[in-house]
Amino acid sequence: MFVTYILSKIRAYKLYRQTVRELSELPDRELADLGIARFDIARVAREGAFA
């Protein structure tokens, strides 16, 4: 039970880091097209990974 919980948290964190990395590589124009400001990347990634 505890191991499953820890593994799910690790997977969520990896997804968070991947999302931050990918969104950070986009130019501001493409982020704006998605409705995301550069300072919102961490929040958007967190909501996606840990929701």
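None of the values given here were measured: they were computed from a predicted structure. (Residues numbered from 1 in each chain as written. Predicted model: local features only at pLDDT ≥ 70, side-chain atom pairs only at ≥ 80, totals over all residues. Heavy atoms only, no water.)

**Thoughts on the overall build of the protein chain**
Then step 1. For the protein chain, the helix and strand inventory stands at 3 helices and 0 strands.
Then step 2. Start at the N end of the protein chain and walk to the C end: the helices and strands fall as α-α-α.
Then step 3. Its C-alpha atoms give the protein chain a radius of gyration of 13 Å, more than 25% over the compact-globule value 10 Å for 51 residues.
Then step 4. Relative to its full complement of 51 residues, the protein chain shows a buried share of 20%.
Then step 5. Here the protein chain has roughly 4100 Å² of accessible surface; of this, 59% comes from carbon and sulfur atoms.
Then step 6. The averaged location of the 7 negative side-chain charges in the protein chain is 10 Å from the averaged location of its 9 positive side-chain charges. (Helix = DSSP H or I, 4+ residues; strand = E, 2+ residues; numbered from the N terminus. Rg over C-alpha atoms; globule rule 2.2 N^0.38 Å. Buried < 20%, exposed > 50% of the residue type's maximum accessible area, 1.4 Å probe, protein only. Areas by Shrake-Rupley, 256 points an atom, 1.4 Å probe, with all protein chains shown as cover. Lys, Arg positive; Asp, Glu negative; His and termini not counted. Charge placed at Lys NZ, Arg CZ, Asp CG, Glu CD.)

**Examining the pattern of salt bridges**
It is possible for side chains bearing opposite charge to pair when their charged atoms get close.
Then step 1. Applying the stated criterion to the full structure yields 4 salt bridges.
Then step 2. In this structure, the salt-bridge partner of Asp40 is Arg43, at a minimum N-O distance of 3.6 Å.
Then step 3. Take Arg43: its relative accessible area is 36%, and that puts it in the partly exposed class.
Then step 4. Salt-bridge contacts for Arg43 lead to Glu47; the nearest nitrogen and oxygen are separated by 3.0 Å. Highlighted residues: Arg43 and Glu47, both in helix α3 (residues 41-50), separated by 4 residues, approximately one helical turn.
Then step 5. The exposure class of Glu47 is partly exposed, given its relative accessible area of 44%.
Then step 6. In the salt-bridge network here, residues are joined through shared partners; they are Asp40, Arg43 and Glu47. (Salt bridge = Lys/Arg side-chain N within 4 Å of Asp/Glu carboxyl O.)

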